Structure formats: structure tokens, C-alpha cells
Amino acid sequence: DKAFLEKFEDYKGLLPMPVKGEIISFFGPYRNASFNIVNYRSGVEIKADIGEPIRAVLGGRVLYSNWFKSYGNMIIIDHGRHYYTVYAHAEELFKSKGEIVEPDEVIATVGDTASMKGANLYFEIRHHGKPVDPLKWINKG
């Protein structure tokens, strides 16, 4: 299966941004000022225009493509070797569960489904189910 020939771990620091936009919230602990508590964000939010194409950062197979509570329209791609990418708050989803995705393929469009901050892409990278900081993986050029 050609999609799994590439090793995800070989791309640390080299993955493309999944959407054109500006990172508005970062991975890790952050203070919720309203409640004065520390929350934890498992991914990043990238502000982008509604309808902007969302691209797969690497090839793989779609594990999930549907509505998910508090994430809105969401796609999860299995890249093999226990690496997954998560793309949420999408407007339209173009891929279905089980479909192969090529690197850089448009898989969805930016929306504001279940978003508290307007149109953005919520993006996670997970390894063995545990979130890792996507900015350590993305080539910010």
C-alpha cells in the first residue's frame, strides 16, 4: 500500500501547513481567564477563511470522517505506525472513512462548525493516541 511507504517520523519539521492561515492558539496548557483555570489544548487552531482548502499533510487512510461533538466536521487520517492527524471545524468533508489520501490532497474546506472562534482549522497530530505539538512537525518556512 503506497500510502504507507513513507514513515511519518521522517517528516518531523518538514510537514506542510494543512491550510493557509495564521496560528491563533497553541498546543499545551493555557489559562482560561474567565474561570481562572488551566486547560490543555491538544492541537493548534489556524485562522483561515471559510471555504479555504484543507490539505492532508501526508498520505494515509481516512479513519474517521463525520460530525464529532465539540469538534464539528472532522477528518482523522491514519498515517501508519500509530501516527494520526486530526482536522476539525471543517465546512465540507471530501473524503470518506476507508479512503486513501495522497500527500497534499484537499480533504476538506475550512468552516466554523462547533468553533468558538469563528472560521478556523483545529489541527492535531497524535502518536499512539497521545497528542504531540504539531508545530514541532510543521515546516513554518
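One structure accompanies this document, and this report is about it. (Residues numbered from 1 in each chain as written. Predicted model: local features only at pLDDT ≥ 70, side-chain atom pairs only at ≥ 80, totals over all residues. Heavy atoms only, no water.)

### Remarks on the packing of aromatic side chains
At step 1: Under the defined criterion, the tally for this structure stands at 8 aromatic pairs.
At step 2: Between Phe8 and Tyr83, the aromatic rings sit 4.7 Å apart at their centres with planes inclined by 25°, giving stacked as the arrangement. Separated by 75 residues along the polypeptide, Phe8 in the segment before strand S1 (22-25) and Tyr83 in strand S8 (residues 83-93) bring together distant segments of the chain. There is no split in this pair, since Phe8 and Tyr83 are both buried.
At step 3: Their ring planes at 65° and their centres at 5.6 Å tell us that Tyr71 and Tyr122 sit as a pair that is edge-to-face. With Tyr71 in the loop between strand S6 (60-68) and strand S7 (72-78) and Tyr122 in strand S11 (residues 120-127), the pair connects residues that are 51 residues apart, well separated along the chain.
At step 4: Judged by relative accessible area, Tyr122 falls into the buried class, the value being 8%.
At step 5: One aromatic cluster in this structure is built from Tyr64, Phe68, Tyr71 and Tyr122.
At step 6: In this structure, Arg41 packs its charged tip against the face of Tyr30, placed 3.9 Å from the ring centre. (Phe/Tyr/Trp six-rings, centres within 6.5 Å; stacked < 30°, edge-to-face > 60°. Helix = DSSP H or I, 4+ residues; strand = E, 2+ residues; numbered from the N terminus. Buried < 20%, exposed > 50% of the residue type's maximum accessible area, 1.4 Å probe, protein only. Lys NZ or Arg CZ within 6 Å of the ring centre and 35° of its normal.)

### Observations concerning the environment of Val44
At step 1: Mapped onto the secondary structure, Val44 falls in strand S4 (residues 44-47).
At step 2: Sequence spacing of Val44 and Asp133 is 89 residues, and the spatial spacing of their C-alpha atoms is 8.2 Å.
At step 3: Leave out the neighbours within four places in its chain, and Val44 touches Ile23, Ser25, Phe26, Phe27, Leu121, Tyr122, Phe123, Pro134 and Leu135. (Contact = heavy atoms within 4.5 Å.)

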